[in-house]
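Tertiary structure, described
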Amino acid sequence: MNLETFIEFFSLQNPNVRYVVLGSVLLSISSAIVGCFTFLKKKALLGDVVSHAVLPGICISFMVSGTKDPFILIIGAFLSGWLSIIVLDYIVANSKIKEDTATGLSLSVFFGIGILLLTVIQHSGNAAQTGLDSFLFGKAAALVGKDLLAFSIIATVILIVVFFFYKEFKLVCFDQEYAKSIGLPVKKIELLLTSITVLAVVTGIQAVGVVLMAAMLITPAAAGKFWTNRLSIMLLLASVFGAFSGIAGAYISYAAPSMPTGPWIVMILSFIAILSFFFAPEKGILIKLFKQRKIRNQLLEENLLKSFYKIGEMNEDFTASRSNEELIEIRRFSSAQFKAGLSRLSSQGFIKKENSTWSLTQEGFQKGMRVVKLHRLWELYLTKYLRIAPDHVHEDADTIEHVITPEIEERLEKLLEYPEADPHSSNIPYQ
Amino acid sequence: MIQQVENPVLEVHDLTVSYDKKPVLWGIDLSVPKGAIAGIVGPNGAGKSTLIKSIMGLTALSSGYVKIFDQELNEVRQRVSYVPQRESVDWDFPASVFDVVLMGRYSKIGLFKRPRKADTEAALFALKQVGMDKFKDRQISQLSGGQQQRVFLARALTQQADIYFMDEPFAGVDAATEKAIIQILKKLSEDGKTVIVVHHDLQSVSTYFDWVIMLNLRLVASGPTDQIFTSELLEETYGGKLTLLSEVGELMKKGQYPSRDKQ
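Keep in mind that this is a model prediction, so the values were computed, not measured. (Residues numbered from 1 in each chain as written. Chains lettered and ligands numbered in written order. Predicted model: local features only at pLDDT ≥ 70, side-chain atom pairs only at ≥ 80, totals over all residues. Heavy atoms only, no water.)

**Some details on the overall build of chain B**
We apply this condition: Helix numbers and strand numbers start at the N terminus; a helix is a DSSP run of H or I with at least 4 residues, a strand a run of E with at least 2. For this measure, only C-alpha atoms enter the radius of gyration; the expected value for a globule follows 2.2 Å times N^0.38, where N is the number of residues. Only protein chains enter the area calculation, which uses a 1.4 Å probe; residues under 20% of their type maximum are buried, those over 50% are exposed, and those in between are partly exposed. Accessible areas in this description were obtained via Shrake-Rupley with a 1.4 Å probe; residue shielding takes into account the shown protein chains only. Neither His nor the chain termini are counted; the positive set is Lys and Arg, and the negative set is Asp and Glu. Charge positions come from single atoms, namely NZ of Lys, CZ of Arg, CG of Asp or CD of Glu.
The helix and strand inventory of chain B stands at 11 helices and 9 strands. By the compact-globule yardstick of 18 Å for 263 residues, chain B fits well, its C-alpha radius of gyration being 19 Å. On the principal axes, the C-alpha backbone points of chain B span a range of 55 × 40 × 35 Å. Burial status across chain B gives 55% buried among its 263 residues. Just so you have it, chain B exposes about 11800 Å², and 50% of that area is on carbon and sulfur atoms. A distance of 7 Å separates the average location of the 31 positive side-chain charges in chain B from that of its 32 negative side-chain charges.

Laid out in C-alpha cells, this is it:
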C-alpha cells in the first residue's frame, strides 16, 4: 500500500476503478437503507431468503434470453426473489408451520432449484454461460458500465421510495395494527417494502454473492442502531457505514489485487459493527463497563466512610485517627481495594492521612453519617412496611443505602416520622 | 341481560370470530349508546381483546357485522381511534415520544406528505393533555410503563375521533397514570365521545364505567353498570366455563368445520 496507488485510486481516472467504486457505494447504500427497515421489523433473515431465491430467476432468464444482459437477469432475479417472500408469507398465514421453519423452507427450496438449473446450464455447452456462477460469489471487482447503470437506476428507485414512504414505513415497522386501524393500506406498504428489499438484494448479490448478502442488509443497520435513537439518523449512519465500506473494500482489492472486493466490504462493515458494539456512547459495552466501575468505586468509598463512622460511634469519638487494622475489623475489604479506596477518599478530601493512620474530615464524617442513616432508615422501612423480620433486613439495606437519592431520603424520613432508632435499636443519626 | 339501545354509536350484530376454525367469540349482539364509558370485563382468554380487534377490522369475522355510527368502519375510520396493548410493540424502536404521538396524524397527513404545522401542534396538545409534554424528546425506550401508556393515549387523542377503543390502558400503570387516564376518559365522555375499554380490575369497574360489557367467549351481559354489574352476572361471567361450548369449539378446530354453513 503506497501513496501512489492511493492517489491513483481516489483520482478515479481509471474507468474500471470508477465502476467498481461507484457500484460498490451504490449497492452498499441501497442495502443499508432497506436493511434498516427489515432489521426494525425483526425480519433480519428476509435478506438471506431473497438472496438465495434469486438464483432460479437468474438461471431461467438466462435460459430464455440466452444473454447475460444485467437488465434481463435482474428482472428474472427480482421475480423469483419476490415470489419466495410471497410463498414464505403464504405458508405462515395458511399453515401451522412457524415463521422460522417457513423461512428455511422457502430459502432452501428456491436455492435448490437454482443450483439445479445452474448445473443444467453449465452442462449445456452454451459458451455464453461462463460467469453466470458469479452470482453465487459476487464479482464486484469486475463491474462494467452496464452494471453500473442498472445499479444507479435501482438505487435511485429505492431512495425515492424510501423518501416518499418514510413515515408509512416507520409506522408499519413500529406498530402494524395501529397502522391498519388508522386506515393505512398496510398490505400494499409491506409489499412495497418487500419489493425494494428484493431490489436491493438483487443489486447487492452481484457484488458480494448469495452468502454475504444478508450481512450487507443487516450489519449497517445493527451498527447504526448503537449510535442513535432516531430512525432518520440511523438510516443516515447506516448509509455512511455502507458507503465507507464500499469504498474501502474497492480500495483494498485495488491495492492488493489478490483481495476480493465483496468479502472485504463485508469485513469492513463487520469491523464497524464491532467498533460500535464496544465504543458507542450509552449503548456500547465500554461505557457500560465504565459505569459499573464507577458504581463499584462509589460502593467501596461509601462503605469505607461507613466503617469510619461506626468505629467513631463505638468509641464516641469521630475525629480520632484510625489504623488500617481497626477499619478492616469492622468490614472485610480486599487489600488492593482497601488501599485504593483510602487513597481516593484522601484525595477527594473526605479523610486525612497522619503517618499510617487515617481520620475523617468534617465532609467525610457527614458522608459516612448519611450512609449509616440511610442504612438504618431502610431497615426500619423494610420491617415496618414490608413486614420483613429484623434479622433479614441488613443485607438488603447494605445495597439500598447507596442507591437512595436525597429526594427519596426526604420522603423516607417523613414517612417514618424521623425515627430515633432502627429495628436493632441502633441510633439513627441526623445532621 | 343484554340491553340494546336506540341509535347506538356501536352496533355489533351476530359476531362470531374463530382462530383456526375454533370460535373464540360466539354470536355477540350488543349496542353501546353515545357518550358511554364502557368497560369490557371477563376472565383471561374470554375474548376481550379479540372483540375490540374484530370491531377494528384487525381480525377476520366468521360471521356477523359491526356498525359504527350506523356505517361500515371504512366509511367512518376518521372518527374511530384505537389504542393497542402497550406490550404489542417493541419500545426499543428508534423514535422519540413526539415521533410516536405524531403517528396518530398520519392518516390525516396523507400518503407522500410531510407533517404540517397543524399536525405538530395537535401532537403537542395531546402530549399536554396526558401530562407528557416535558418528555416530548425523550426516547421511547426510556419510558416507564405508565408513560408508555400515556404516549399511546396521546397518539389516539391526536386523531380527534368520536369513538375510542382501548385495549387494557390500565394494565401495569402507576396510580398517577391511572388517575390521569380516567380523567381524560371522563372528559371525552363529557364532550359526547364514546370510549370502550378492555379492563381487568373489577374493583374499579363501578367508579370508572357507566356501561359494562361482560364477556366469556359469549356475551353474558351488556348494559348500564348499575343494572348489570351484579354479583349474579359476575358469577356467570367468571364462574364455571361453559365446558360444552369449549368442547364443541375444539371439535370444530379438529375437523376444520366452517363456522357458518354456506351452501
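Back to the write-up after that little detour.
**Looking at the packing of aromatic side chains**
Each aromatic ring pair is described using two quantities: the centre-to-centre distance and the angle formed by the ring planes. Worth spelling out the cut-off: Pairing of aromatic side chains requires ring centres within 6.5 Å, counting the rings of Phe and Tyr and the six-membered ring of Trp. Pairs whose planes differ by under 30 degrees are stacked, by over 60 edge-to-face, and all others tilted. Two conditions define a charge located above a ring, namely a distance within 6 Å from the ring centre to NZ of Lys or CZ of Arg, and an angle within 35 degrees of the ring normal.
Under the counting rule described, the total for this entry stands at 26 aromatic pairs over all chains. Measuring from centroid to centroid gives 5.2 Å for Phe174(A) and Phe93(B), while their planes differ by 50°, and the two rings are tilted. Of this pair, Phe174(A) sits in helix α8 (residues 166-174) while Phe93(B) sits in the loop between β5 (80-83) and α3 (97-102), placing the two residues on different chains. The same class applies to Phe174(A) as to Phe93(B), namely buried. Among the aromatic residues, ring-to-ring pairing joins Phe37(A), Phe163(A), Phe164(A), Phe165(A), Phe169(A) and Phe112(B) into one connected group. Here Arg79(B) stacks its cationic end above the ring of Phe69(B), 3.8 Å away from the centre of that ring.

**Observations concerning the nonpolar core**
Defined as follows: Among the buried residues, those of types Ala, Val, Leu, Ile, Met, Phe, Trp, Tyr and Cys that are joined through side-chain atoms within 4.5 Å form a nonpolar core. Throughout, a contact is declared for two residues whenever any of their heavy atoms are within 4.5 Å.
Counting residues in each nonpolar core, the largest one holds 127 residues, and the members touching the most others are Phe37(A), Phe169(A), Ile140(B), Leu185(B) and Met214(B). Top contributing element to this core by residue count: helix α10 (residues 186-227) of chain A, with 19 residues. Filtering out sequence-adjacent residues up to four positions away, Ile140(B) remains in contact with Phe174(A), Trp91(B), Phe93(B), Ala95(B), Ser96(B), Val97(B), Val100(B) and Gln148(B). Of all hydrophobic cores here, the second largest spans 33 residues; its members include Leu58(B), Ile68(B), Phe69(B) and Val198(B).

**Focus on the interface of chain B and chain A**
In plain terms, the rule: Note on terms: buried area is the combined drop in 1.4 Å-probe accessible area of two parts once they are placed together, counting the loss on both. A pair is scored as a salt bridge if a Lys or Arg side-chain nitrogen falls within 4 Å of a carboxyl oxygen belonging to Asp or Glu. For this analysis, a polar contact is any N or O atom pair within 3.5 Å, provided that within protein one partner can donate a hydrogen and the other can accept it, and provided that sequence-adjacent residues contribute only side-chain to side-chain pairs. In this classification, Asp, Glu, Lys and Arg are treated as charged, Ala, Val, Leu, Ile, Met, Phe, Trp, Tyr, Cys and Pro as nonpolar, and every other residue, Gly included, as polar.
Opposite the 33 residues of chain B that make contact, chain A presents 26 residues. Interface area for chain B against chain A, summed over the two sides, is near 2900 Å², with a carbon-plus-sulfur share of 60%. The largest share of the area that chain B buries against chain A comes from Phe93(B), Pro94(B) and Tyr106(B), three residues that together contribute 24% of it. Inspection of the chain B/chain A interface yields 7 salt bridges. The tally of links between chain B and chain A comes to 14 residue pairs in polar contact (both at pLDDT 80 or more). Along the lines of polarity and charge, the residues of the side of chain B that touches chain A split into 17 nonpolar, 7 polar and 9 charged.

**Here we look at the confidence of the model for chain A**
The criterion, for reference: Every residue carries a pLDDT, the predictor's confidence in it, which falls somewhere between 0 and 100.
The predicted model of chain A averages 90 in pLDDT, with 100% of residues at 70 or higher. Confidence scores differ between elements of chain A, with helix α6 (residues 134-137) of chain A showing the lowest mean pLDDT of 78 and α8(A) the highest of 96.

**Quick notes on the domain arrangement of chain A**
All names here are of chain A. Applied cut-off: Domain start and stop points were drawn from an automatic or database domain assignment.
As assigned here, chain A comprises domain 1 (3-283) and domain 2 (285-431). A separation of 57 Å is found between the C-alpha centroids of domain 1 and domain 2. On the domain 2 side, the residues contacting the 7 residues of domain 1 number 4 residues. In total, domain 1 and domain 2 occlude about 480 Å² of area from one another, counting both sides; carbon and sulfur atoms represent 61% of this. Taken together, domain 1 and domain 2 are joined by 0 salt bridges. The interface formed by domain 1 and domain 2 includes 3 residue pairs in polar contact (both at pLDDT 80 or more). Looking at the side of domain 1 that touches domain 2, its residues break down into 5 nonpolar, no polar and 2 charged.

**Digging into the environment of Glu178(B)**
Residue and element names in this part refer to chain B. Among the structural elements, Glu178 can be located in helix α7 (residues 175-190). Sequence separation of Glu178 and Leu124 is 54 residues, and the distance between their C-alpha atoms is 21 Å. Not counting residues up to four positions away in its chain, the partners in contact with Glu178 are Phe170, Val173, Ser204 and Tyr208.

**Considering the pattern of salt bridges**
In this structure the tally under the stated criterion is 31 salt bridges over all chains. Between Lys42(A) and Asp90(B) there is a salt bridge, with the nearest N and O atoms lying 2.6 Å from each other. Residue Lys42(A) is found in the loop between α2 (15-40) and α3 (46-65), and its partner Asp90(B) is found in the loop between β5 and α3; the two belong to separate chains. The class for Lys42(A) is exposed, based on a relative accessible area of 56%. According to the relative accessible area criterion, Asp90(B) is partly exposed, its value standing at 32%. Note that Lys187(B) and Asp191(B) form a salt bridge whose closest N and O atoms lie 3.0 Å from each other.

**Quick look at the packing of helix α4 (residues 70-94) of chain A against helix α5 (residues 99-122) of chain A**
For any two helices packed against each other, the geometry is given by the interaxial angle and the distance between the axes. Residues and elements named next belong to chain A. The following threshold applies: Only the stretch in contact is used when a helix axis is fitted, and all axes are lines through C-alpha atoms; the angle between N-to-C directions ranges over 0 to 180 degrees. Each helix crossing is assigned a hand: it is left-handed if the near helix lies turned anticlockwise from the far helix by less than a right angle, otherwise right-handed if that turn is clockwise.
Running from amino to carboxyl end, α4 crosses α5 at an angle of 145°, the nearest separation of the two axes being 9 Å. Between α4 and α5 lies a crossing of right-handed hand. Mapping the contact onto sequence places Ser80, Leu83, Ser84, Val87, Leu88, Ile91 and Val92 in α4 and Glu99, Ala102, Thr103, Ser106 and Phe110 in α5. The class makeup of the residues in the contact of α4 with α5 is 7 nonpolar, 4 polar and 1 charged.

**Considerations on the environment of Ser65(A)**
Residues and elements named next belong to chain A. With respect to the element layout, Ser65 can be found in helix α3. Sequence separation of Ser65 and Val25 is 40 residues, and the distance between their C-alpha atoms is 29 Å. At 2.8 Å, the side chain of Ser65 and the backbone oxygen of Ser61 are in polar contact. From its side chain, Ser65 meets the backbone nitrogen of Thr67 in a polar contact 3.2 Å long.

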